[in-house]
Amino acid sequence: MARALINVPPKAKRGELIEIKTLISHTMETGFRPDNTGKAIPRDIITDFVCKYNGQEIFRAELFPAIAANPFLSFFTVATESGTLSFEWTGDNGFSSTESVNISVE
Amino acid sequence: MTRAAFLLLTVVLAGAATSAAEIPLAERKSGYEFMTRETRAMQDDDTANPAMLWVLDGETFWRRKEGSAGKSCADCHGDARTSMKGVAARYPAFNAARARPVDLEERINICRTEQQRATPLPFESKELLALAAYIGQQSRGMPIEIEDDARMRPFLQAGHDMFNGRQGQLNLSCAQCHDDNWGQKLAGAAIPQGHPTGYPLYRLEWQTLGSLQRRLRNCLFGMRAVSYPYGAPEYVNLELYLRWRARGMPVEIPAVRP
């Protein structure tokens, strides 16, 4: 599984706006670069990212070849209840990586 | 004006025109200060700094048993957070067995071959960069301290001469950019003073982590000069001089640069 860094505040007040930051290691090979022999290096990118809050989808992103290596995504949500935030990245060549973190809401 | 005084003046002026003026210690700036607000924010936040992915890998490799001796780094050195504190701030350091300075990457490979009895890690490989970044991070914020005793002086001098000597088809020296023209622009990019405070670092241009030697090769390529193979003593001498030139400046490993 790819190395990922997730930053979610461990505690939040109910109704508070929280920032979620995610960073994952991936080469994001565009498919347009030639190798030493002039042949194009096949595309290998992350194509989809989904974040779920207690099973409910709260954020989704589609990724394209112009996105840099090791994509960093940051977004906001409202802390509604204690539970789990789960993250899933999927991409070319069957790439799939999942992470989850807990948040306690008071 | 007497003839002697005139001669002295011309000598001084000629000297000023050919040899670069060293940057006074108080006026030194890390490459960080030449970066945009966005790139600085990336380096400052450990959850946005992509180099932290290598640091996390380095922590894993630190504990992994390697080689025919079946030892991990941790088996000898214990917890890196205490045993490696300040270590990267002192490299390149003198290695008595080799009678020359070695940089941090070479030191890691010496441990690998002599203690772990494993094959040395290739330069710029993920493992070597990750270990160097993980070890380097333990010195973050500590001042760079390079020994300059009698054993080191010839190597420091060689590095100094390489920094100040012209080379390549463009007939440039490192000092012409990094001592004389720092803060100016070179094709839209700011010319920094060339203080290696954050290596190995994540360069946005590379989209990956890279060592100081990789950066030096970049500069040599830009000057259309001959670049040496990785691990060449010329690089280590230059690294040594650059780190000495940055003495007292805080370590920023793992840094981010554009």
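None of the values given here were measured: they were computed from a predicted structure.

Definitions and cut-offs
- Residues numbered from 1 in each chain as written.
- Chains lettered and ligands numbered in written order.
- Predicted model: local features only at pLDDT ≥ 70, side-chain atom pairs only at ≥ 80, totals over all residues.
- Helix = DSSP H or I, 4+ residues; strand = E, 2+ residues; numbered from the N terminus.
- Rg over C-alpha atoms; globule rule 2.2 N^0.38 Å.
- Buried ≥ 20, exposed ≤ 12 C-beta atoms within 10 Å, placed from the backbone.
- Contact = placed C-beta atoms within 7 Å.
- Core = buried A, V, L, I, M, F, W, Y, C linked by C-beta atoms within 7 Å.
- Pairing = 2+ DSSP bridges.
- Axes fitted to C-alpha atoms, helices over the stretch in contact; angles between N-to-C directions.
- pLDDT = per-residue confidence, 0-100.
- Domains from an automatic or database assignment.
- Nonpolar A, V, L, I, M, F, W, Y, C, P; charged D, E, K, R; others polar.
- Parallel < 35°, antiparallel > 145°, perpendicular 65-115°, else oblique.

**Points about the overall build of chain A**
A count of helices and strands for chain A gives zero helices and eight strands. When the helices and strands of chain A are listed from N to C terminus, the series reads β-β-β-β-β-β-β-β. In terms of C-alpha radius of gyration, chain A reaches 16 Å, well past the compact-globule figure of 13 Å for 106 residues. Taking the principal axes of its C-alpha atoms as reference, chain A extends roughly 60 × 20 × 20 Å. Every one of the 106 residues in chain A was classed for burial, and the buried ones make up 19%. Restricting to contacts in chain A with at least 6 residues of sequence separation, those with at least 24 account for 58%.

**Overview of the overall build of chain B**
Helix and strand counts for chain B come out as eleven helices and seven strands. On C-alpha atoms alone, chain B measures out to a radius of gyration of 20 Å, which is about the 18 Å that the 2.2 N^0.38 rule sets for 258 residues. Along the first, second and third principal axes, the C-alpha atoms of chain B reach 75 × 45 × 35 Å. The buried share of chain B, taken over its 258 residues, is 34%. Long-range pairs, those at least 24 residues apart, make up 73% of the contacts in chain B between residues at least 6 apart in sequence.

**Quick notes on the nonpolar core**
Residues Ala51(B), Trp54(B) and Ala133(B) are the most contacted members of the largest nonpolar core, which totals 50 residues. At the level of secondary structure, the elements contributing two or more residues to this core comprise strand 3 (17–24) and strand 4 (46–53) of chain A together with helix 3 (51–63), helix 7 (126–137), helix 8 (153–164), strand 5 (201–203), helix 10 (212–222) and helix 11 (233–245) of chain B. In terms of residues, this core owes the most to one element, helix 7 of chain B, which gives eight residues. Beyond its immediate chain neighbours, meaning those up to four positions away, Ala133(B) contacts Ala51(B), Trp54(B), Val55(B), Gly58(B), Pro200(B), Leu209(B), Ile253(B) and Pro254(B). Ala79(A), Leu85(A), Phe87(A) and Ile103(A) belong to the second largest nonpolar core, which has seven residues in total.

**Re the sheet that holds strand 1 (residues 4–7) of chain A**
All names here are of chain A. The three strands are arranged 1-3-6 in an open sheet whose pairing can be described as antiparallel. The open sheet has two free edges, formed respectively by strand 1 and strand 6 (72–78), since each of these has just one partner strand. Averaged over all pairs of adjacent strands, the angle between their axes in this sheet comes to 15 degrees, without regard to strand direction. In the sheet, strand 3 pairs with strand 6 via seven bridges, with the strands oriented antiparallel. By the bridge assignment, Lys21 is partnered in strand 6 with Ser74.

**Section: the confidence of the model for chain B**
Residue and element names in this part refer to chain B. Per-residue pLDDT for chain B has a mean of 91; in total, 92% of the residues score no lower than 70. Looking at the elements of chain B, mean pLDDT is at its lowest for helix 1 (residues 3–18), recorded as 45, and at its highest for helix 7, recorded as 97. Ignoring residues within four places in sequence, the model shows residues 6–18, a span with pLDDT below 50, making one contact including any to other chains.

**What to know about the domain arrangement of chain B**
All names here are of chain B. Segmenting chain B into domains produces domain 1 (26–45 + 143–257) and domain 2 (51–137). For domain 1 versus domain 2, the separation of C-alpha centres amounts to 22 Å. The partner domain 2 presents 23 residues to the 26 residues of domain 1 that form the contact. Looking at which element gives the most residues to the side of domain 1 that touches domain 2, the answer is helix 11, with five residues. Tallied by class, residues from the side of domain 1 that touches domain 2 come to 16 nonpolar, four polar and six charged.

**A closer look at the sheet that holds strand 2 (residues 11–12) of chain A**
All names here are of chain A. If you walk across this open sheet you meet the five strands as 2-8-7-4-5, and the pairing is mixed. The sheet terminates laterally at strand 2 and strand 5 (56–62), the two strands that pair on one side only. Of the strand pairs in this sheet, strand 4 and strand 5 are connected by six bridges, and their pairing is antiparallel. Bridged to Tyr53 within strand 5 is Gln56.

**With respect to the pairing of strand 8 (residues 96–105) of chain A**
On any regular strand, side chains alternate: one points to one face of the sheet, the next to the other face. All names here are of chain A. Relative to strand 8, strand 2 runs parallel, the two sharing two bridges. Bridge pairing in strand 8 links Lys11 to Ser104. Between strand 7 (residues 83–91) and strand 8, which pair antiparallel in sequence order, lie four residues; one of them, Asn93, sits at a positive phi of approximately 55 degrees.

**Brief notes about the packing of helix 3 of chain B against helix 7 of chain B**
Residue and element names in this part refer to chain B. Packing of helix 3 against helix 7 brings their axes to within 7 Å, and their N-to-C directions diverge by 95 degrees. Regarding the angle of helix 3 to helix 7, the classification is roughly perpendicular. When helix 3 is examined against helix 7, the residues Ala51, Trp54, Val55, Asp57, Gly58, Glu59, Phe61 and Trp62 are found in contact with a partner set consisting of Lys126, Glu127, Leu129, Ala130, Leu131, Ala133, Tyr134 and Gln137. Looking at the contact of helix 3 with helix 7 residue by residue, the class counts come to ten nonpolar, two polar and four charged.

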